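Breakdown of the fold
Spelled out, the chains give:
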Amino acid sequence: QLQLVESGGGLVQPGGSLTLSCAASGFAFSSYPLSWYRQAPGKERELVARVRTSGRGQNYADSVAGRFTMSRDNAKRAVYLQMNNLTPADTAEYYCFVEVGWTNYWGKGTLVTVSS
């Protein structure tokens, strides 16, 4: 049973930092790239970051490049998203994602709210 479980969301002030985690199980974790997506209220889901199987060659959306860092720990079967200099525009539900066997798998999401 493939599972992706996000954690670490919460309320943070503008300019603050937050780190999200995604714990994975039920598949060959180290064999697949993983991604973080987010969806703000009333908007389409967008790709935030993607990391290769080795943890090298990360890609970031223009809106977060330079502020967010994605990483993975294959031994712990986990991926992370370190978010710095947060703004209200970063408020969204954040999802962990992987494609395995031509099937898309999503976590349930963790909510990040950036507000004073």
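For the structure, see preceding data.
A brief look at the structure comes next.

**What to know about the overall build of the protein**
When helices and strands are tallied, the protein shows 0 helices and 11 strands. For the protein, the N- to C-terminal ordering of α and β elements is β-β-β-β-β-β-β-β-β-β-β. Since a compact globule built from 116 residues should have a radius of gyration of about 13 Å, the 13 Å found for the protein is in line with a globular shape. Principal axes of the C-alpha set define a box for the protein whose edges measure 40 × 25 × 20 Å. Put simply, the protein has 116 residues, and 38% of those count as buried. Contacts spanning at least 24 positions in sequence make up 53% of the contacts within the protein whose residues lie at least 6 apart. Accessible surface computed for the protein: about 6300 Å², of which carbon and sulfur atoms make up 46%. Looking at charge distribution, the protein has the averaged site of its 11 positive side-chain charges lying 7 Å from that of its 8 negative ones.

**Some thoughts on unusual backbone geometry**
Here Arg77, not a glycine, exhibits a phi torsion of approximately 55°, which is positive. By secondary structure assignment, the location of Arg77 is in the loop between β7 (68–73) and β8 (78–83). Of note, Asn85 is a non-glycine position whose phi angle comes to about 50°, a positive value. Tracing the backbone shows Asn85 in the loop between β8 and β9 (92–100).

**Describing the pairing of strand β5 (residues 46–51)**
Two elements, strand β4 (residues 34–39) and β5, share 5 bridges in a ladder whose sense is antiparallel. By the bridge assignment, Trp36 is partnered in β5 with Ala49. Between β4 and β5, which pair antiparallel in sequence order, lie 6 residues; one of them, Gly42, sits at a positive phi of approximately 75°. Relative to strand β6 (residues 59–60), β5 runs antiparallel, the two sharing 2 bridges. For Ala49, the partnering residue across the bridge sits in β6 and is Tyr60.

**Focus on the side chain of Arg67**
Mapped onto the elements of the fold, Arg67 is located in the loop between β6 and β7. Assessed through its relative accessible area of 17%, Arg67 is described here as buried. Setting aside its immediate chain neighbours within four residues, Arg67 contacts Gln82, Met83, Asn84, Asn85, Leu86, Thr87 and Asp90.

**Some points on the nonpolar core**
Leu4, Trp36, Leu81, Met83 and Tyr94 are the most contacted members of the largest nonpolar core, which totals 30 residues. Those elements giving two or more residues to this core turn out to be β3 (18–25), β4, β5, β7, β8, β9 and β11 (110–114). Ranked by residue count, the leading element in this core is β9, at 5 residues. Once you skip the residues sitting within four places of it in the chain, Leu81 turns out to touch Leu18, Thr19, Leu20, Trp36, Val48, Ala49, Phe68, Thr69, Met70 and Tyr94.

Quick notes on the rules
Residues numbered from 1 in each chain as written. Predicted model: local features only at pLDDT ≥ 70, side-chain atom pairs only at ≥ 80, totals over all residues. Heavy atoms only, no water. Helix = DSSP H or I, 4+ residues; strand = E, 2+ residues; numbered from the N terminus. Rg over C-alpha atoms; globule rule 2.2 N^0.38 Å. Buried < 20%, exposed > 50% of the residue type's maximum accessible area, 1.4 Å probe, protein only. Contact = heavy atoms within 4.5 Å. Areas by Shrake-Rupley, 256 points an atom, 1.4 Å probe, with all protein chains shown as cover. Lys, Arg positive; Asp, Glu negative; His and termini not counted. Charge placed at Lys NZ, Arg CZ, Asp CG, Glu CD. Pairing = 2+ DSSP bridges. Core = buried A, V, L, I, M, F, W, Y, C linked by side-chain atoms within 4.5 Å.

The analysis is restricted to geometry; functional conclusions fall outside its scope.
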